[in-house]
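Structural description and commentary
Listed here are the chains, written in short residue letters.
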Amino acid sequence: MSNRIVVVGSINADLMIRVARHPRPGETLPGRGGLLAPGGKGANQAVAAALLGAQVTLVGAIGNDNNAQIALRLLQAAGVDLSAVDQVTAATGLAVVAVDDRGENSIIVIAGANAAVDAELVRRHAGTIADAAIVVLQGETPRAGIELAARLCRGRLIFNLAPVIEVAPEALLRADPLVVNRHEGGLALRLLTGSPPGNGEPGCCGQTAAGHPAYAPAAVGQDGQHAESGDRKSTRLNSSHLR
């Protein structure tokens, strides 16, 4: 087994928009910005790990359009291995990110080429995934590919279930840790147990298949961060601690 991190995930071009506040249904508001930047949860995590000094391979897909080079720009600059990124006949994934003056955001994701990161694509790179010390997954690629990558992983599996999609509980229980935000925590708990969290509390507790705590730090926006682990210990951090 290598000491490499393999991220199986999304690659996007992000359309960045600033607004004073988010529009209500049917409302039109003026905005600022409009620039395209590299993004995608998978790509962002791969870049972050590479900049911290890790050897990183990204398994994913880009389209055959002009946005592909925008989406790959930071990955190339960070030295991420892109040999497992396939080019497909589709548009590169796109995320429309709107951030208001309070720092709250809303994101609309168009899968595009990320929809091709299915079981067939993951199977083509099975050796790379199985040989990784750490495999990182998110919810922006198809369920079949995510579940196969989780089964192929022989090292540590980090699963950022965002957005929350229907996946087999076995994939979630393999995670060490399972990472969700405030809103995703309740949905993840429902996937694991069939029941929503009690008392309106965010977070998701459980045990991995290996018996390790399934730790789920849950970012809660402007109010701070709520983190829970399998032993039900809980910590709340102020937003100032997270900047």
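Note that the structure is predicted; figures quoted are calculated from it, not measured.

About the cut-offs
Residues numbered from 1 in each chain as written. Predicted model: local features only at pLDDT ≥ 70, side-chain atom pairs only at ≥ 80, totals over all residues. Heavy atoms only, no water. Helix = DSSP H or I, 4+ residues; strand = E, 2+ residues; numbered from the N terminus. Buried < 20%, exposed > 50% of the residue type's maximum accessible area, 1.4 Å probe, protein only. Contact = heavy atoms within 4.5 Å. Areas by Shrake-Rupley, 256 points an atom, 1.4 Å probe, with all protein chains shown as cover. Pairing = 2+ DSSP bridges. Axes fitted to C-alpha atoms, helices over the stretch in contact; angles between N-to-C directions. Expected span 1.5 Å × (residues − 1). Parallel < 35°, antiparallel > 145°, perpendicular 65-115°, else oblique. Left-handed = near helix turned anticlockwise from the far one by under 90°. Nonpolar A, V, L, I, M, F, W, Y, C, P; charged D, E, K, R; others polar.

1. What about the overall build of the chain?
For the chain, the helix and strand inventory stands at 7 helices and 13 strands. By residue count, 44% of the 243 residues in the chain fall in the buried class. Looking at the chain alone, contacts between residues at least 24 apart form 57% of all its contacts between residues at least 6 apart. Of the accessible surface of the chain, which amounts to about 12000 Å², a share of 53% is contributed by carbon and sulfur atoms.

2. A look at the sheet that holds strand E7 (residues 105–110)
Spatially, E3-E2-E6-E7 is the arrangement adopted by the 4 strands of the open sheet, whose pairing is mixed. Where the open sheet ends on each side, the last strands, each with one partner, are strand E3 (32–39) and E7. The mean inter-strand angle of the sheet, taken between neighbouring strand axes irrespective of direction, is 20°. Relative to E7, strand E6 (residues 93–99) is paired through 6 bridges, and the arrangement is antiparallel. Bridging from a neighbouring strand, Val-96 pairs with Ile-108 of E7.

3. Observations regarding helix H7 (residues 182–193)
Every α-helix carries 3.6 residues per turn, so stepping three or four residues along brings you back to the same face. Here H7 spans 17 Å end to end across 12 residues, near enough to the 16 Å set by a 1.5 Å rise per residue. Listed as buried for H7 are Glu-184, Gly-185, Gly-186, Ala-188, Leu-189 and Leu-191. The secondary structure elements touched by the buried residues of H7 are helix H6 (169–173) and strand E10 (178–179). Positive phi appears at Gly-194, one or two residues downstream of H7, with a value of about 80°.

4. A short note on the pairing of strand E4 (residues 56–62)
With 7 of 7 residues buried, E4 is to be regarded as a mostly interior element. Neither face of E4 is left uncovered, since the one carrying Val-56, Leu-58, Gly-60 and Ile-62 and the one carrying Thr-57, Val-59 and Ala-61 both have all their residues buried. Strand direction decides the pairing type here: strand E1 (residues 5–8) and E4, joined by 4 bridges, are parallel. Paired with Val-7 across the two strands is Leu-58, which belongs to E4. By the bridge criterion, 5 bridges tie E4 to strand E5 (residues 81–87) in an arrangement that is parallel. Along E5, the bridge assignment pairs Gly-60 with Val-85.

5. Observations concerning the packing of helix H1 (residues 41–51) against helix H2 (residues 67–78)
For the pair H1 and H2, interaxial distance at closest approach is 9 Å and the crossing angle is 20°. The pairing of H1 with H2 is recorded here as roughly parallel in orientation. In the crossing of H1 with H2, the sense of the turn from one axis to the other is left-handed. Between H1 and H2, the residues in contact are Ala-43, Ala-46, Val-47, Ala-50 and Leu-51 and Leu-74, Leu-75 and Ala-78, respectively. When the residues that make up the contact of H1 with H2 are grouped by side-chain class, the tally is 8 nonpolar, no polar and no charged.

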